[in-house]
Amino acid sequence: MSSKIKTVHGRRVWDSRGRPTVEVDVHLDCGNFGRAIAPAGASTGSAEAVDKRDGGTIFGGYDVTGAINAVNGVIGSTLAGMEVTEQGQIDQAMIDLDGTPNKNRLGGNALVATSMAVAHAAAAAENLPLWQYLANPHETPFLPLPEIQIFGGGAHAGRRVDVQDFMVIAVGADSYAQSLEWTADVYRFAGQLMSDAGLMQGVADEGGYWPAFSSNDQALEFLVRAIEAAGFVAGQDVAISLDIAATDFGSNGRYHLSADDKEVDSDGLSEMLLGWLQRYPIVAIEDPLGEDDADAMARFTAAAGDKIEIVADDFICTSAQRIASAKSINACNTALIKPNQAGTLSESKAALEASRAAGWQALVSARSGESEDTTIVHLAVGWGVKQLKVGSFARSERMAKWNEGLRIAETLGQDGGRLAPRSSFPWAK
Ligand code: PGA
Ligand code: ZN
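The rules behind the values
- Residues numbered from 1 in each chain as written.
- Chains lettered and ligands numbered in written order.
- Predicted model: local features only at pLDDT ≥ 70, side-chain atom pairs only at ≥ 80, totals over all residues.
- Heavy atoms only, no water.
- Helix = DSSP H or I, 4+ residues; strand = E, 2+ residues; numbered from the N terminus.
- Rg over C-alpha atoms; globule rule 2.2 N^0.38 Å.
- Buried < 20%, exposed > 50% of the residue type's maximum accessible area, 1.4 Å probe, protein only.
- Contact = heavy atoms within 4.5 Å.
- Areas by Shrake-Rupley, 256 points an atom, 1.4 Å probe, with all protein chains shown as cover.
- Lys, Arg positive; Asp, Glu negative; His and termini not counted.
- Charge placed at Lys NZ, Arg CZ, Asp CG, Glu CD.
- Near = heavy atom within 4 Å.
- Polar contact = N/O pair within 3.5 Å; in protein donor to acceptor, adjacent residues only side chain to side chain.
- Nonpolar A, V, L, I, M, F, W, Y, C, P; charged D, E, K, R; others polar.
- Domains from an automatic or database assignment.
- Disulfide = S-S within 2.5 Å.
- Expected span 1.5 Å × (residues − 1).
- Axes fitted to C-alpha atoms, helices over the stretch in contact; angles between N-to-C directions.
- Parallel < 35°, antiparallel > 145°, perpendicular 65-115°, else oblique.
- Left-handed = near helix turned anticlockwise from the far one by under 90°.
- 1 Å grid on protein atoms, 1.4 Å probe; cavity = no way out; pocket = protein on both sides within 12 Å on 5 of 7 lines; lining within 4 Å.
- Points joined across faces, edges and corners; volume = space filled by probe spheres on them.
- Pairing = 2+ DSSP bridges.
- Donors = N, O, S within 2.8 Å, 3.2 Å for Na, K, Ca; no water.

Topic: the overall build of the protein chain
Phase 1 of the analysis: For the protein chain, the count of helices and strands is 13 helices and 16 strands.
Phase 2 of the analysis: Taking 429 residues into account, the globule formula puts the C-alpha radius of gyration at 22 Å, and the protein chain, at 21 Å, falls close to it.
Phase 3 of the analysis: Taken along the three principal axes of its C-alpha coordinates, the protein chain extends 60 × 50 × 45 Å.
Phase 4 of the analysis: Counting only residues that meet the buried cut, the protein chain has 60% of its 429 residues in that class.
Phase 5 of the analysis: Nonlocal contacts in the protein chain, meaning residues at least 24 apart in sequence, comprise 70% of its contacts between residues at least 6 apart.
Phase 6 of the analysis: Put simply, the protein chain shows about 15400 Å² of open surface, and 48% of that area lies on carbon and sulfur atoms.
Phase 7 of the analysis: Considering the protein chain, the positive charge centre built from 35 side chains and the negative charge centre built from 55 side chains are found 2 Å apart.

Structural data, given as structure tokens:
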């Protein structure tokens, strides 16, 4: 069914950190509409699309009136009259309008919210849920395996520990619903252990506990204890996944570990992580080294990539081009796909396809600044991505996404949600 864009309307709404962000409504001639909200990162890679923020003193410089003016002005007038199902043409029109490599003229926040709202409007015009509109009708859909934060650190928690995300993956779960049930128990027991040990400080940006750990190792030990306290076999039922986010605490091959109060070089950091792989049931490590440390990433992947997922986030920034060059040196084996790092859905999909061409695994990921928007869950299911990372098992901007997965599973008529096939993961071999 042909349906043209009638109007594009941007407004300021507020994200999970209480900061302004961009919401976009795309209205169609046929009467349908789509809506999406831009997320925002804190530990951002330098090659990401950048958010357009007003600067100055209002709301700490985070206001987005410039980005909203771009949506209501030049973006809206260009997109009006375009066929809503032509996502590629629409995204390209916005890329051309912006004209910069990192979207700083109109703003990655303006572009990503518009791009996602266009997809929602197109799905509404076709009377389909977004995941189904995006899906290949010849493939049986499955739910992504959740990767869920239990402890937060790094830039999201005042640098109490260096590692940004201590997460779990319910590798042994039979269904999407069961993976959430298991994680709910681990999260609850982790909280109880923290309180009992007098370590509880609060909750980090993505909803994970923010305990007063004295070292990264202590956090890992508590995580194993929480998995076991919840009645699971660590590594077999529920395994550990880490986002080191090393770009945040080092560059030029030097890394400052504040929890351990020492500085290490690339090999020192790699050895520390390889040591953790010996001692803890870890199945994935994201950004083990800094975004500028390509050779060390490749050495680390050569050492551990056959056993675990080496996930690149800041290192590839959801860019098909950066993924191709990372592949040429085998710097990792898994791509994190964050639509707002790319700026449009078409570029995010191109990055996913590049990672598939490389023979890698992929995760769709939220950001540390989020909202009630659940687009990424639909992207994961629709694009057939096997894993999903949206932060912890608390706070409604996170739970909105986990819960949307449950609803999708139900509409699929799958009892709890058929999970992504796991045989191709390095840790499952
Ligand atoms: P960010 O954190 O959204 O602050 O970048 C998430 C991540 O590093 O994966
Ligand atoms: Zn990351």
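Quick look at unusual backbone geometry
Phase 1 of the analysis: Phi angles above zero are rare outside glycine, and Asn252 is one such case at about 50°.
Phase 2 of the analysis: Topologically, Asn252 is positioned in the loop between strand 9 (250-251) and strand 10 (254-257).
Phase 3 of the analysis: Even without being glycine, Asn330 reaches a positive phi, approximately 50°.
Phase 4 of the analysis: Under the relative-accessibility criterion, Asn330 is labelled partly exposed at 40%.

Observations concerning the site of ligand 1
Phase 1 of the analysis: Surrounding ligand 1, one finds 14 residues, the nearest of these being Ala42, Gln164, Arg367, Ser368 and Lys389.
Phase 2 of the analysis: Arg367 places a polar side-chain atom, nitrogen or oxygen, 2.7 Å from an oxygen atom of ligand 1.
Phase 3 of the analysis: In this structure, Lys389 approaches ligand 1 through a side-chain N or O atom, which is 2.7 Å from an oxygen atom.
Phase 4 of the analysis: About the coverage of ligand 1: the protein hides 99% of its 270 Å² of free accessible area.
Phase 5 of the analysis: Considering only residue class, the shell around ligand 1 consists of two nonpolar, five polar and seven charged.
Phase 6 of the analysis: Counting contributing residues, the shell around ligand 1 receives three or more from each of domain 1 (5-127) and domain 2 (145-428).

Considering the state of the cysteines
Simply put, the disulfide is a covalent bond whose two ends are the sulfur atoms of two cysteines.
Phase 1 of the analysis: In this structure the tally under the stated criterion is zero disulfides.
Phase 2 of the analysis: You can see Cys317 has no disulfide; the closest cysteine sulfur is in Cys332, sitting 12 Å from it.
Phase 3 of the analysis: For Cys317, a relative accessible area of 2% gives the class buried.
Phase 4 of the analysis: Owing to a relative accessible area of 2%, Cys332 belongs among the buried residues under this scheme.

Quick word on helix 3 (residues 108-125)
Phase 1 of the analysis: Across its 18 residues, helix 3 extends 25 Å between first and last C-alpha, which sits within 8% of the 26 Å expected from 1.5 Å per residue.
Phase 2 of the analysis: For helix 3, the tally of buried residues reaches 17 of 18 residues, placing the bulk of the element in the interior.
Phase 3 of the analysis: Remark: Asn127 follows helix 3 within two positions and exhibits a positive phi of approximately 60°.

Here's the deal with the packing of helix 2 (residues 87-98) against helix 3
Phase 1 of the analysis: The geometry of helix 2 relative to helix 3 is characterised by a closest axis approach of 10 Å and an angle of 165° between their N-to-C directions. Our classification of the angle between helix 2 and helix 3 gives roughly antiparallel. Crossing angle aside, the handedness with which helix 2 passes helix 3 is right-handed. Residues Gln87, Ile90, Asp91, Met94 and Ile95 of helix 2 form the contact with helix 3, whose participating residues are Leu111, Thr114, Ser115, Val118 and Ala119.
Phase 2 of the analysis: For the contact of helix 2 with helix 3, a count of residues per class yields six nonpolar, three polar and one charged.

Let's talk about the layout of surface pockets
Phase 1 of the analysis: Empty space within the largest pocket amounts to approximately 310 Å³.
Phase 2 of the analysis: Surrounding the largest pocket, 17 residues form its lining, Pro101, Lys103, Ser319, Ala342 and Glu347 being those nearest its centre.
Phase 3 of the analysis: Those elements that provide at least two residues to the lining of the largest pocket are helix 9 (320-328), helix 10 (339-342) and helix 11 (345-357).
Phase 4 of the analysis: For the lining of the largest pocket, the element with the highest residue contribution is helix 9, accounting for three residues.
Phase 5 of the analysis: Class assignment of the residues belonging to the lining of the largest pocket gives a composition of eight nonpolar, six polar and three charged.
Phase 6 of the analysis: In this structure, the second largest pocket encloses a volume near 240 Å³.
Phase 7 of the analysis: As for the second largest pocket, its lining consists of 14 residues, and the residues nearest its centre are Asn136, Glu139, Gly382, Trp383 and Gly384.
Phase 8 of the analysis: Elements with a minimum of two residues in the lining of the second largest pocket: helix 11 and helix 12 (375-382).
Phase 9 of the analysis: With three residues, the single largest contributor to the lining of the second largest pocket is helix 11.
Phase 10 of the analysis: For the lining of the second largest pocket, the residue count by class is six nonpolar, four polar and four charged.

Some details on the sheet that holds strand 9
Phase 1 of the analysis: Taken together, three strands build an open sheet; the order of strands is 9-10-11 and the sheet is antiparallel. Where the open sheet ends on each side, the last strands, each with one partner, are strand 9 and strand 11 (262-265).
Phase 2 of the analysis: Where strand 10 and strand 11 come together, four bridges link them in antiparallel fashion. Looking at the pairing, His256 lines up with Glu263 of strand 11.

Brief notes about the coordination of the zinc ion (ligand 2)
Phase 1 of the analysis: Every protein donor of the zinc ion (ligand 2) is accounted for by Asp243 (OD), Glu286 (OE) and Asp313 (OD), and the metal-donor separations fall at 2.0 to 2.2 Å.
Phase 2 of the analysis: Every donor residue of the zinc ion (ligand 2) comes from the same chain, spaced as D-x42-E-x26-D. Of this pair, Asp243 sits in strand 8 (residues 239-243) while Asp313 sits in the loop between strand 13 (309-312) and helix 9, and the two are 70 residues apart along the sequence.
Phase 3 of the analysis: Judged by its relative accessible area of 2%, Asp313 is buried.

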